[in-house]
Amino acid sequence: MSFLSETLSRVKPSPTIAMTAKAAELRAAGRDVIGLSAGEPDFDTPQNIKDAAVAAIAAGKTKYTAPDGIPELKQAVCAKMKRDHGLDYTPAQVSVGTGGKQTLYNALMATLNEGDEVVIPAPYWVSYPDMVLLAGGTPVIAETSIQSNFKLTAGQLEAAITPKTKWFIFNSPSNPTGAGYSRDELKALTEVLMRHPHVWVMTDDMYEHLAYDGFEFCTPAQVEPALYDRTLTCNGVSKAYAMTGWRIGYAAGPEPLIAAMRKVQSQSTSNPCSVSQWAAVEALNGTQEFLAPNNEMFVRRRDLVVSMLNEIDGISCPVPEGAFYVYPSIAGLIGKTTPAGKVIGTDEDFATALLEEADVAVVFGAAFGLSPNFRVSYATSDAALETACSRIQAFCAALT
Ligand SMILES: Cc1ncc(COP(=O)(O)O)c(C=O)c1O
């Protein structure tokens, strides 16, 4: 019998972390690798948030807290849900965890039994299927296509639902495509969910504030209030507030579910870092002024990357509504050969050759469940993006 658990054998390590590690290895060997694989903003946490953390340390707020968050942060989440979405929640309906990732994981651990299905649109954030597997459930992948700008249609959602479906995981704007669902597109999905009262919605709103060109962000419980009693709205401070290292995420939903998530958390990590929680209070309650200039910068970078990639024969790159990713198709490059003699049979071959022969690190589409594509994170400087895209152009032009 194996020493390691059978559950773990069904789970794969994160391919995004693997790609970033490979790039770091080449860099350590002296190569000038440009990394477009990391999913975090390249700017610093705003000063008012850092100051709040320093003040918390000085005030001795350095002890254990309630397992799923200090009252002040739960209150700040309630105020945020009301202010931004018109949704009413009490602190007992809020759970704070160690990053958005732990909040999602707690919810799956608290609810899934063997045989329970979770519908996940592809391309998906790499962790969803593996978290479902770790929690003992079965991921059911609903593939989208580039033709619908990677958005799930009502028909595709309907087809994926069975009597065993427990959750539908929804992520807009999306990692890895940046696609954001308009109110009407989301309404089409909530109408399907209204016909299936046994299906709950886990919405991952992590990229809510990173939305461009006047895109109006909507969350499912806001678009269809009748779903309020079976929706867990998940969010966090990692991306919009450049706080990936602080590890604070949160969720709002029905009280019994929140209580079950608290039980999971109390027996695993006890509570999220006390100092980070005070920083998150400031992130949510403090000035939001830096969001608009940051978004202007992201739009400029997105437009630069999309236009340079679309100049390449064999690559097609839609313009996404938000986040800081693009997800171009390389359908026109499959079967070609690199100058080093490697045949590009898959998007993984493409990403590997791009790293080895052109010193640009991206993540291949198979990692996100839809091929042949690759993900570019444009959360890096304009100069690095321009050089990286020029290298991709030269690499593709040299394919035969
Ligand atoms: C869609 C999505 N959800 C959740 C997370 C996790 O966020 P956190 O760093 O707060 O755990 C990420 C991070 O990459 C993400 O892209």
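The coordinates are above.
Residues numbered from 1 in each chain as written. Predicted model: local features only at pLDDT ≥ 70, side-chain atom pairs only at ≥ 80, totals over all residues.

(A) Just the packing of helix α12 (residues 291-310) against helix α14 (residues 382-397), in detail. At their nearest, the axes of α12 and α14 sit 10 Å apart, and the two run at 10° to each other. With respect to α14, the element α12 is oriented roughly parallel. Facing R300, R301, L304, V305, M308 and L309 of α12, the residues of α14 in contact are D382, L385, E386, C389, I392 and Q393. For the contact of α12 with α14, the class distribution of residues is seven nonpolar, one polar and four charged. (Axes fitted to C-alpha atoms, helices over the stretch in contact; angles between N-to-C directions. Helix = DSSP H or I, 4+ residues; strand = E, 2+ residues; numbered from the N terminus. Parallel < 35°, antiparallel > 145°, perpendicular 65-115°, else oblique. Contact = placed C-beta atoms within 7 Å. Nonpolar A, V, L, I, M, F, W, Y, C, P; charged D, E, K, R; others polar.)

(B) Fine view of the site of the ligand. Around the ligand, 13 residues are found, and the nearest of them are G99, G100, K101, N175 and S238. Per element, the largest residue contribution to the shell around the ligand is three residues, and it comes from helix α5 (residues 99-111). Of the residues that constitute the shell around the ligand, the class distribution is two nonpolar, nine polar and two charged. (Near = placed C-beta within 6 Å.)

(C) Representation of unusual backbone geometry in the model. Following S172, the chain continues into P173 via a peptide bond in cis, with omega recorded as -15°. With respect to the secondary-structure elements, P173 resides in the loop between β5 (165-171) and α8 (183-194). Phi angles above zero are rare outside glycine, and N149 is one such case at about 55°. With respect to the helices and strands, N149 occurs in the loop between β4 (138-143) and α7 (154-160). Judged by C-beta crowding, with 18 C-beta atoms within 10 Å, N149 ranks as partly exposed. Here D213, not a glycine, exhibits a phi torsion of approximately 55°, which is positive. In this structure D213 comes out as partly exposed when scored by C-beta crowding, with 13 C-beta atoms within 10 Å. (Buried ≥ 20, exposed ≤ 12 C-beta atoms within 10 Å, placed from the backbone.)

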